[in-house]
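Residues per chain are reported as follows:
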Amino acid sequence: MRLEHEVVQDLYPLYIENDLRPSVKTAVEDHLKVCEACKHFYETGETTIHVNDIEEPTVSQSLDEKIILKMKLNRLRLISVVLAAIIFSMILTNYINEREKMFMAVSDYYVAIENSPVMFDSIKNKEQKDLMYIEQAFHRLFEGVMELEEYMNFIESKFTDSTTFHLSLNTQRLNSMVQVMKTRYDQGRWSETDEAAFQALKKYFKEQEEITSVEYWKTHHGYSSYLHMLDVKKMDKFYENVNLLSYSYTRFHKMPDQIKPMKESELKKRIADALNMDRDEIELEKESPVNALYLYRFENKNGFGGDIDAVTGQITNYVGDTGPLTDGPVMDQEEAEKKARYYLEKMYGKDINLEVVSLGFNFNSSANDSRYKIYSFKAVPKVQGYSLYTPFETETYLNLNARNGELESFDHSRHVPSFESLNQVHFSSTFDLTVKKQSVIIYSALTGNFELVYMEPVLENFEDGKFISAKTGLEEKIYFEE
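Here the structure is a predicted model, which is why all the values come from computation and not from measurement. (Residues numbered from 1 in each chain as written. Predicted model: local features only at pLDDT ≥ 70, side-chain atom pairs only at ≥ 80, totals over all residues. Heavy atoms only, no water.)

The next subject is the overall build of the protein chain. Secondary structure assignment for the protein chain yields 14 helices and 13 strands. The proportion of buried residues among the 482 residues of the protein chain is 42%. Counting only carbon and sulfur atoms, one obtains 51% of the accessible surface of the protein chain, whose full area is about 27600 Å². (Helix = DSSP H or I, 4+ residues; strand = E, 2+ residues; numbered from the N terminus. Buried < 20%, exposed > 50% of the residue type's maximum accessible area, 1.4 Å probe, protein only. Areas by Shrake-Rupley, 256 points an atom, 1.4 Å probe, with all protein chains shown as cover.)

So this is what it looks like as structure tokens:
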């Protein structure tokens, strides 16, 4: 019988008392003969364990690697948490700084708009001649929007992009509007349309002031301000109203609800009739109102086209396909002029009296290829012997392929909405002015109609706005498309 160390040592008391069975006692004595530790214990009663007798636990190499990997992962997690905390702190700090800049921008915007309704009263003050401070207020409003957009967060910017006018105000047209109002009031020509436009303008600015005051309060209301988003959709309604008002008033001397754009089907018919296109092949795309109100871009299946005004139905420009360049013969001047008149009649109808002025070959254009030849013409409307005047040589131009007579390009004067009503106007001159005055027709910003005026044939008088009505002797202002 073979006994273990622990068993032999546990049997020590029974061995001393001689209470072990003979077979067990013999096994204990056999063990003592070979085990010094147990023999020493039986002789002295003290336990002696040799280091060599202790079995060391064995640990697998894979367990060591797992422990080391876990320690590395824990360390990486700690580093990640620290970095995330640092990044979050930086983002939060930057967000807070940007929102605080936004709060200041809202304050500046509020200051720019809060006094606007009151300052419009100077339009009806004949003693107040200079409206420069109103123009400065419009400019501050423009700068205020630029500052707001600079500090908008991602969500606010997305909302702004989805609005109709993107918080954009045509300040030049608005300046023209208040100047026209001022002139008409001072001249005693104030009408119901003027009063309606005047009251609407004050109303829109007052409403925007109220909207902005709410935004000001919400952005200056403690910690909750940092979570507030500007209501840009509500703010953009102001820009829609004012842009439509300034457009209708300065261009036609009408209110916005009196402007009736044509349907797309009617626009396609006008394009097809004027340019000999297949109506079914014409594609229309409305331009952004920020760039041009009521303007459509049109193209045919070959990608050639231009723009058409949906209010007047006037094609404002066109670029066509006249075929490949050739060395064929050039048509004579008389034949080219007949072609030009043909296209102009298609554009404007036969009732409009247009003087066709030849500008020779390749006017205001150049090409490296000598085969490129176009006849250039200028169309000048005339009524009762008077010519229509437009500023800065922005007249109506037409270019024809000199070899086949096809219409290459066309540009309608951008300062005259349409010629359609020109033949319906009867001009009379009852105000006698001295010599050296030239009588011309202008499209008036004061009346939204064609007017016969006297002007000196020198540039500085145009810059000073020296157009005098031949009927009343009062100053007229020529319409200028912004």
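In spatial order, the strands read 10-11-12-13; together these 4 strands make up an open sheet with antiparallel pairing. Two strands bound the open sheet, and with one partner strand each, they are strand 10 (438–444) and strand 13 (475–476). Judged from the 2 bridges that link them, strand 12 (residues 467–469) and strand 13 form a sheet pairing that is antiparallel. In the strand pairing of strand 13, Ile 468 is matched with Glu 475. (Pairing = 2+ DSSP bridges.)

All right, on to the packing of helix 3 (residues 22–34) against helix 4 (residues 36–44) then. Helix-helix packing is characterised by the crossing angle of the two axes and by the distance between the axes. Closest axis-to-axis distance for the helix 3/helix 4 pair is 6 Å, and the angle between their directions is 115 degrees. The angle between the axes of helix 3 and helix 4 places the two elements in the roughly perpendicular class. The handedness of the crossing between helix 3 and helix 4 is left-handed. Across the interface between the two elements, Val 28, His 31, Leu 32 and Val 34 from helix 3 touch Glu 36, Cys 38, Lys 39 and Tyr 42 from helix 4. Grouping the amino acids of the contact of helix 3 with helix 4 by side-chain chemistry returns 5 nonpolar, 1 polar and 2 charged. (Axes fitted to C-alpha atoms, helices over the stretch in contact; angles between N-to-C directions. Parallel < 35°, antiparallel > 145°, perpendicular 65-115°, else oblique. Left-handed = near helix turned anticlockwise from the far one by under 90°. Contact = heavy atoms within 4.5 Å. Nonpolar A, V, L, I, M, F, W, Y, C, P; charged D, E, K, R; others polar.)

With 4 bridges joining them, strand 1 (residues 283–286) and strand 2 (residues 295–299) adopt antiparallel strand pairing. Looking at the pairing, Glu 283 lines up with Glu 299 of strand 2. Judged from the 5 bridges that link them, strand 2 and strand 3 (residues 305–309) form a sheet pairing that is antiparallel. Opposite Glu 299, over in strand 3, you have Gly 305 as the bridge partner. Linking strand 2 back to strand 3 in an antiparallel pair, the connection comprises 5 residues, with Gly 303 at a positive phi of about 85 degrees.

In this section: the pattern of salt bridges. Using the criterion set out here, one finds 22 salt bridges in the structure. A salt bridge links Glu 156 to Arg 99; the nearest nitrogen and oxygen atoms lie 2.9 Å apart. Note that Glu 156 is positioned in helix 8 (residues 154–161) and Arg 99 in helix 5 (residues 61–114), a separation of 57 residues in sequence. The class of Arg 99 is buried, set by a relative accessible area of 1%. For Lys 129, the salt bridge goes to Asp 186, with nearest N and O atoms at 3.9 Å. Residue Lys 129 is located in the loop between helix 6 (116–119) and helix 7 (132–150), and its partner Asp 186 is located in helix 9 (residues 171–186); the two are separated by 57 residues in the primary sequence. One continuous salt-bridge network, built from bridges that share partners, spans Arg 173, Arg 251, Asp 309 and Glu 481. (Salt bridge = Lys/Arg side-chain N within 4 Å of Asp/Glu carboxyl O.)

Right, let's talk about the nonpolar core for a bit. Among the nonpolar cores identified, the biggest contains 98 residues, and Phe 120, Phe 205, Leu 275 and Phe 298 are the most heavily contacted of them. The dominant element in this core, judged by the number of residues it contributes, is helix 11 (residues 232–252), at 10 residues. One finds Val 28, Ala 37, Phe 41 and Tyr 42 within the second-largest nonpolar core, a separate group that totals 9 residues. (Core = buried A, V, L, I, M, F, W, Y, C linked by side-chain atoms within 4.5 Å.)

On the surface, Leu 69, Leu 73, Leu 76, Leu 78, Ile 79, Val 82, Leu 83, Ile 86, Ile 87, Met 90 and Ile 91 cluster together into a nonpolar patch covering about 1000 Å² of accessible area. Structurally, the position occupied by Val 82 is in helix 5. (Patch = residues over 30% accessible without salt bridge, like charges linked within 9 Å, V, L, I, M, F, W, Y side chains within 5 Å.)

Tracing the backbone shows Ser 246 in helix 11. The class of Ser 246 is buried, set by a relative accessible area of 0%. If we ignore the near neighbours within four places in the chain, the residues touching Ser 246 are Arg 173, Leu 174 and Met 177.

Mapped onto the elements of the fold, Val 357 is located in strand 5 (residues 354–361). By relative accessible area, which is 24% here, Val 357 ends up partly exposed. For the pair formed by Val 357 and Lys 378, sequence separation is 21 residues and the distance between their alpha carbons is 5.0 Å. Setting aside anything within four residues of it in sequence, one finds Val 357 in contact with Ser 376, Phe 377, Lys 378 and Val 380.

How two aromatic rings sit relative to each other is set out by the distance from centre to centre and by the angle between their planes. By the definition in use, this model includes 21 aromatic pairs. With 6.0 Å between their ring centres and 75 degrees between their planes, Tyr 247 and Phe 252 make a pair best called edge-to-face. We note that Tyr 247, like Phe 252, is buried. Look at Phe 298 and Tyr 318: their rings are 6.5 Å apart centre to centre, the planes differ by 5 degrees, and that puts the pair in the stacked class. Placement of Phe 298 in strand 2 and of Tyr 318 in strand 4 (residues 315–319) is noted, with a sequence separation of 20 residues between them. (Phe/Tyr/Trp six-rings, centres within 6.5 Å; stacked < 30°, edge-to-face > 60°.)

With that out of the way, let us pick up helix 7. Structural remark: α-helix, 3.6 residues per turn; residues separated by three or four positions point the same way. The end-to-end C-alpha distance of helix 7 is 27 Å, a good match for the 27 Å that 19 residues give at a rise of 1.5 Å each. Where helix 7 is concerned, the buried positions are Ile 134, Ala 137, Phe 138, Leu 141, Gly 144, Val 145 and Leu 148. The buried residues of helix 7 occupy an angular sector of 110 degrees when the element is viewed end-on, so they sit on one face. (Expected span 1.5 Å × (residues − 1). Arc of directions from axis to C-beta.)

In a disulfide, the sulfur atoms of two cysteines are held together by a covalent bond. Within this structure, the stated rule accounts for 0 disulfides. We note that Cys 35 lacks a disulfide partner, and the nearest cysteine sulfur, in Cys 38, lies 3.5 Å from it. On the basis of relative accessibility, which here comes to 0%, the residue Cys 38 falls in the buried class. (Disulfide = S-S within 2.5 Å.)

Moving on, we come to the packing of helix 7 against helix 9. Axis separation between helix 7 and helix 9 bottoms out at 10 Å; the angle between their running directions is 160 degrees. When the interaxial angle is binned, helix 7 and helix 9 end up roughly antiparallel. Once helix 7 is placed against helix 9, the crossing between them reads as right-handed. Between helix 7, through Ile 134, Glu 135, Phe 138 and Phe 142, and helix 9, the contact on the second element is made entirely by Thr 171, Leu 174, Asn 175, Val 178 and Gln 179.

Taken across its 5 residues, strand 3 has 5 buried, putting it largely inside the fold. Judged from the 4 bridges that link them, strand 3 and strand 4 form a sheet pairing that is antiparallel. Bridging across to strand 4, Gly 305 finds its partner in Val 319. Here strand 3 folds back onto strand 4, and the loop between the two strands holds 5 residues, one of which, Gly 313, carries a positive phi near 75 degrees.

In short, shape yes, function no, at least from these values alone.
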